[in-house]
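Structural overview
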Amino acid sequence: MYCAWELTLFWSKLQRRVEPSIQVYLEICRQLSQLTKTVYHIFFLIKVIQSETEAAGLPTCIELCVRALRLESSENAKVKISICKTISCLLPDDLEVKRACQLTEFLLEPTVDAYYAVEMLYNQPDQKYDEESLPVPNSLRCELLLVLKTRWPFDPEFWDWKTLKRQCLALMGEQASIVSSIDELNDNEAYDQMDNYEEF
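Residues numbered from 1 in each chain as written. Predicted model: local features only at pLDDT ≥ 70, side-chain atom pairs only at ≥ 80, totals over all residues. Heavy atoms only, no water.

As recorded in an unreviewed UniProt entry, the protein chain goes by the name Zinc finger protein Rlf/292/654 TPR repeats domain-containing protein, listed as coming from Staurois parvus. Reading the Sequence similarities (unreviewed entry) entry of the UniProt record for the protein chain gives the comment "Belongs to the krueppel C2H2-type zinc-finger protein family." (UniProt positions renumbered as here; feature names shortened; annotations may be inferred.)

Below, the discussion takes up the overall build of the protein chain. A tally of regular secondary structure across the protein chain gives 10 helices and zero strands. Sequence-ordered secondary structure for the protein chain, helices as α and strands as β, is α-α-α-α-α-α-α-α-α-α. Against the globule reference of 16 Å for 200 residues, the protein chain gives a C-alpha radius of gyration of 21 Å, more extended than a compact globule. Seen through its C-alpha atoms, the protein chain measures out along the principal axes to roughly 75 × 35 × 30 Å. Buried positions account for 39% of the 200 residues belonging to the protein chain. Summed over all atoms, the accessible surface of the protein chain reaches about 12200 Å², with 54% contributed by carbon and sulfur. Charged side chains of the protein chain number 20 positive and 32 negative; the gap between the two group centres comes to 10 Å. (Helix = DSSP H or I, 4+ residues; strand = E, 2+ residues; numbered from the N terminus. Rg over C-alpha atoms; globule rule 2.2 N^0.38 Å. Buried < 20%, exposed > 50% of the residue type's maximum accessible area, 1.4 Å probe, protein only. Areas by Shrake-Rupley, 256 points an atom, 1.4 Å probe, with all protein chains shown as cover. Lys, Arg positive; Asp, Glu negative; His and termini not counted. Charge placed at Lys NZ, Arg CZ, Asp CG, Glu CD.)

Two measures describe an aromatic ring pair: the distance that separates the ring centres and the angle between the ring planes. Inspection of the entire model under this criterion finds eight aromatic pairs. Seen in terms of ring centroids, Y115 and Y116 are 5.0 Å apart; in terms of plane orientation they differ by 75°. Their pairing is edge-to-face. Joined through ring pairs, the aromatic side chains of F106, Y115, Y116, Y122 and W161 make up one cluster. Between R16 and the ring centre of Y25, over which it is positioned, the NZ or CZ distance is 5.4 Å. R99 extends its terminal NZ or CZ atom over the ring of Y122, reaching a point 5.0 Å from the ring centre. (Phe/Tyr/Trp six-rings, centres within 6.5 Å; stacked < 30°, edge-to-face > 60°. Lys NZ or Arg CZ within 6 Å of the ring centre and 35° of its normal.)

Attention now moves to helix 9 (residues 161-171). Turning to helix 9, its buried residues number three or more, namely W161, L164 and C168. Summarising the axial view, the buried residues of helix 9 lie within an arc of 65°, below the 170-degree limit, and thus occupy one face. In helix 9, the exposed positions angled more than 90 degrees off the buried face are occupied by K162, R166 and A170. With its phi angle positive at about 65°, G173 sits one or two positions after the end of helix 9. (Arc of directions from axis to C-beta.)

This paragraph deals with unusual backbone geometry. With a phi close to 55°, E54 is a non-glycine residue in the positive phi region. Within the secondary structure layout, E54 lies in the loop between helix 3 (39-53) and helix 4 (58-70). In this structure E54 comes out as exposed when scored by relative accessible area, which is 62%.

Further remarks concern the pattern of salt bridges. Applying the stated rule across the entire model yields 10 salt bridges. With a closest N to O distance of 2.6 Å, R141 and D94 form a salt bridge. Of this pair, R141 sits in helix 8 (residues 138-149) while D94 is found in the loop between helix 5 (77-90) and helix 6 (95-108), placing the two residues 47 residues apart along the sequence. Taking relative accessible area as the criterion, R141 reaches 5% and is therefore assigned buried. A salt bridge links R141 to E96; its shortest N-O distance comes to 2.8 Å. Note that R141 is positioned in helix 8 and E96 in helix 6, a separation of 45 residues in sequence. Overlapping salt bridges, with partners in common, bring together K13, R16 and E52 in one network. (Salt bridge = Lys/Arg side-chain N within 4 Å of Asp/Glu carboxyl O.)

Given below as structure tokens:
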């Protein structure tokens, strides 16, 4: 892996010297990604694209993430979680994408921490999206969301948090009792604070 990273970095630096056009460079990166056999090689390409092109290369990076999600090797849960984390970092202001990534992470590994990360995102107010101001084309964004959703056992698009919460808790097994205990403790603390406030 170390050699593969060094070669990718070296190739990228040479390519930028030979071809000053960012668009041509990005197209060559897309072509190279077609030859990659592992998600890690795609990660290397995303890293060099970001360092060489910054915001101009964002749509290409998202395209590579979509390709990574479709690779057979991404069946490994930890690899797929890494892809989701990468997407969330690339699109930090897109709440819908971040929700989809975090829910995918939870479905792959339904832990208490992953559950609360989903809860935090789903309790934020929904965003209105202006297609013209999106950092990536809307068609690519929709393709990304569709790829993430294809492996979900349900589609929570029109659900409120309570409905999604029930589905998530059902997938957690014994860990669901931990969440219930924490929620009960938080509810009791909130109730005590309300009593104290009313006394004043």
